[in-house]
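For reference, the chains in residue letters:
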Amino acid sequence: MLDLKGYGPELLDGAVVTIELAFLSLALALTLGLIGASSKLSGNRVAKAIATFYTTVVRGIPDLVMMLLFYYGGQVTVNMLSDWIWEAYEIDFFFQFDPFISGVVTIGLIFGAYMTETFRGAFLAVETGQIEAARAYGFTRWHTFRRIMFPQMLRHALPGIGNNWQVLLKTTALVSIIGLTDMVRVAEEAAKAERMPFHFFIPVAAVYLILTAGSELFIKWLNKRANVGVVQGG
Amino acid sequence: MPDFIAQWLNQNEIFTAMTIMQYWDGLVNTVQLVFLSLVIGLVFAVPLAILRTSKNPLVSGPVWLYTYLFRGTPLLIQLYIIYYGIAQIPGIQETFWWEIFREPFYPALLAFALNTCAYTTEIIRGAIVSTPAGEIEAAKAYGMNWWLRMRRIVLPSAARRAVQAYSNEVIFMLHSSAIASVVTIVDLTGAARNIYSRFYAPFDAFIFVALLYMALTFILVFAFRKLENHLLRHQRPVGS
């Protein structure tokens, strides 16, 4: 039987941290993706420019560099802010910048950019005839979005969302570098202390494998459901 | 030169010749690491992708397992397993391999090459599988044997279909290579981390390195666009 040398509960806690991090980042990424795609497709030139800048910058920078920038940069900003508040008002305002929040914000921002592209493509894949029909029925813009565009867009977006989710899940391992005790961090400490790298890293790798394989099955099932009304060619 | 830039350059204590040299060394390490792992990965990915398309499960199965394992787990864990694990292999410290693998560069290279090879194998497999059946029939009708068919018809046509996905993989590899800094390699990110801890200036250190990565990314995007135009020039609309 697998003997984790007493690190079992810690590893389990770490796994919970990983999963929480992944889901919160996904929620942020989906929100940013929807906002980004709507801005890119809107007629507003400023919104379009901001969204294009966002996706271009994020996709040009490694995730780890962005994470380090937010984590260390965030701490320095908090320190400066608290110094300034102390000097101005003599109120003690200091907190340690949290690696969990830095992780969620960074991963959410990065995958928000990828989701923007996914949603943009999916919105464009909805036939214009559908939108015209909705207008002809007297739907308002919001109604058209909610009743016609959004549900149909989702079907086209699902495969892309699934891919992004798989990559996101693996990216969460990076938060161990900025000091968050996720399961990778626990495994690393245990492996160093016990001098047994395979013993601790392979179970953690297996957990990731189970998560990605499980997601794959779930996404397949969702896809099947979303495409129930579609007659596939070929 | 505008005054404010001149002033900033005079006052700045961080971007001296010393730190610029550190970034330069980091750039050299990053480029070496990424380039070598991509080349090694691609060289092994082509035969593996062909094996992966085999109808015999004993041939395609192991390749599937390899790509599944390496694509289903984070690169960071793969790097840790190889970096910490190699020293634990019994007897390795007495062989000449130890001289090579005690440097963090080589375990990192091995991890990156194995990882990118797995992704590239799947990209090429996808391209091979989607070869139009007519092309293969035509090649057979010309009496080409399997090897000739592969070399003259299937692989060149698959390369055209794979190039776009592969360009994404290359950029992904460049970005993933930032984690080399956690096993004490001074790549671009490693240099930025050293400079951050010396001056406690996260914005200067990391924004500068982010701009360098962005420049590298854009160079790659541009180069791949050129390559794509070259490979797909027969599909260009007439008159353009």
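Definitions and limits used
Residues numbered from 1 in each chain as written. Chains lettered and ligands numbered in written order. Predicted model: local features only at pLDDT ≥ 70, side-chain atom pairs only at ≥ 80, totals over all residues. Contact = placed C-beta atoms within 7 Å. Helix = DSSP H or I, 4+ residues; strand = E, 2+ residues; numbered from the N terminus. Nonpolar A, V, L, I, M, F, W, Y, C, P; charged D, E, K, R; others polar. UniProt positions renumbered as here; feature names shortened; annotations may be inferred. Core = buried A, V, L, I, M, F, W, Y, C linked by C-beta atoms within 7 Å. Buried ≥ 20, exposed ≤ 12 C-beta atoms within 10 Å, placed from the backbone. Expected span 1.5 Å × (residues − 1). Bend = angle between axes of the 7 residues up to and from the residue.

If you look at the interface, chain B gives 28 residues, while chain A gives 27 residues. Those elements giving two or more residues to the side of chain B that touches chain A turn out to be α3 (57-72), α4 (75-86), α9 (188-199) and α10 (202-231) of chain B. Ranked by residue count, the leading element in the side of chain B that touches chain A is α10(B), at 10 residues. Here the residues of the side of chain B that touches chain A sort into 20 nonpolar, seven polar and one charged.

This brings us to the UniProt feature "transmembrane region" (unreviewed entry) in chain B. All names here are of chain B. Those residues carrying the UniProt feature "transmembrane region" (unreviewed entry) are residues 31-51, 63-85, 170-193 and 205-224 in this numbering. A distance of 24 Å separates the end C-alpha atoms of residues 170-193, which is 54% helix and 0% strand. Structurally, residues 205-224 comprises 100% helix and 0% strand, and the distance from its first C-alpha atom to its last is 29 Å.

A separate point is the nonpolar core. If you look at the biggest cluster of nonpolar residues, it comprises 112 residues, and the most contacted ones within it are Val65(A), Ala187(A), Val204(A) and Ile77(B). No other element matches the 13 residues that helix α6 (residues 105-129) of chain B contributes to this core. Excluding anything up to four places from it in sequence, Val65(A) contacts Ala178(B), Thr189(B), Phe206(B), Val209(B), Ala210(B) and Tyr213(B).

Once that is clear, we can look at the UniProt feature "transmembrane region" (unreviewed entry) in chain A. Residues and elements named next belong to chain A. The feature "transmembrane region" (unreviewed entry), as annotated in UniProt, sits at residues 15-37, 49-73, 93-114 and 198-219 in this numbering. Taken end to end, residues 15-37 is 100% helix and 0% strand, and its first and last C-alpha atoms sit 32 Å apart. Split by type, residues 49-73 is 92% helix and 0% strand. Its first and last C-alpha atoms lie 25 Å apart.

What follows is about unusual backbone geometry. The phi dihedral of Arg195(A) falls on the positive side, at around 55 degrees, and the residue is not glycine. Tracing the backbone shows Arg195(A) in the loop between α7 (183-194) and α8 (197-226). Within the chain, Tyr200(B) stands out as a residue other than glycine whose phi angle is a positive 50 degrees. Summarising the element assignment, Tyr200(B) is placed in the loop between α9 and α10. Note on Tyr200(B): 13 C-beta atoms within 10 Å, which makes it partly exposed.

Right, let's talk about helix α2 (residues 17-52) of chain B for a bit. Look at α2(B): 50 Å from first C-alpha to last across 36 residues, which is about the 52 Å you get at 1.5 Å a residue. Along α2(B), the sharpest kink reaches roughly 30 degrees, centred on Ala45(B) and followed within four residues by the proline Pro47(B).

To continue, consider the environment of Ser157(B). Residue and element names in this part refer to chain B. Considering the arrangement of structural elements, one finds Ser 157 in helix α8 (residues 146-176). Judged by the 17 C-beta atoms lying within 10 Å of it, Ser 157 is partly exposed. Residues Ser 157 and Thr 131, spaced 26 residues apart in sequence, show a C-alpha to C-alpha distance of 7.2 Å. Here Ser 157 is in contact with Thr 131 and Glu 135, once residues within four sequence places are set aside.

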